[in-house]
Amino acid sequence: MPHIMIIQKSIPNEEWKEILTPLQYKILREGGTEKAFTGELLNNHEKGVYVCVACGNELFSSETKYDSKTGWPSFYSPISENSFIIKPNSGSINASEVICAKCGGHHGHVFTDGPEPTGLRFCMNSAALKFKKK
Ligand SMILES: [Zn+2]
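In what follows, the accompanying structure is described. Everything numeric in this text was worked out from a predicted model, so none of it was measured. (Residues numbered from 1 in each chain as written. Predicted model: local features only at pLDDT ≥ 70, side-chain atom pairs only at ≥ 80, totals over all residues. Heavy atoms only, no water.)

By the element assignment, Leu20 lies in the loop between α2 (13-19) and α3 (22-28). Note: C-alpha distance between Leu20 and Ala54 (34 residues apart in sequence) is 7.2 Å. Apart from the residues lying within four places of it in its own chain, the contact partners of Leu20 are Tyr25, Leu28, Arg29 and Ala54. (Helix = DSSP H or I, 4+ residues; strand = E, 2+ residues; numbered from the N terminus. Contact = heavy atoms within 4.5 Å.)

To continue, consider the coordination of the zinc ion. Taken together, the protein donors to the zinc ion comprise Cys52 (SG), Cys55 (SG), Cys100 (SG) and Cys103 (SG), at separations of 2.3 Å. Geometry at the zinc ion is tetrahedral, judged from its 4 donor atoms and the angles of 100 to 118 degrees they form at the metal. (Donors = N, O, S within 2.8 Å, 3.2 Å for Na, K, Ca; no water. Tetrahedral: all angles 85-135°; square planar, octahedral: opposite > 155°, others 65-115°.)

Across the sheet, 3 strands lie side by side as β2-β1-β9; this open sheet has antiparallel pairing. Two strands lie at the open edges of the sheet, namely β2 (58-61) and β9 (129-133), each paired on one side alone. Across this sheet, the average inter-strand angle for adjacent strands is 30 degrees, counted without regard to direction. Where strand β1 (residues 48-52) and β2 come together, 3 bridges link them in antiparallel fashion. Directly across from Val51, in β2, lies its bridge partner Glu58. (Pairing = 2+ DSSP bridges. Axes fitted to C-alpha atoms, helices over the stretch in contact; angles between N-to-C directions.)

In structure tokens, the structure reads:
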């Protein structure tokens, strides 16, 4: 499994603390969640690509972003099935955890109440994403 090899070589948490902001660290390295309706990218409707703020891995296209009314940026599909590692039913929430396949950072959860064509809702933390305008 190439993903797992990459994660094993990844940066230790002490170094992440210097690279990331405290909020980014809390989300990506500790599985935290930003406050609903606070994310900068929540209402971003520009065309482009959303990448992992920690490692630049391409995660979502603006074309799959939609307003889920939950207060977090939501997408119905990742840009590639290799963008993430999905950890089924982790923690207390009845949803699968979504982890960056490149750096191992926690990004959010995927729920099964999303719109067509996938029926999935990738519920993401704005602070863990970086938007690259097309
Ligand atoms: Zn990453």
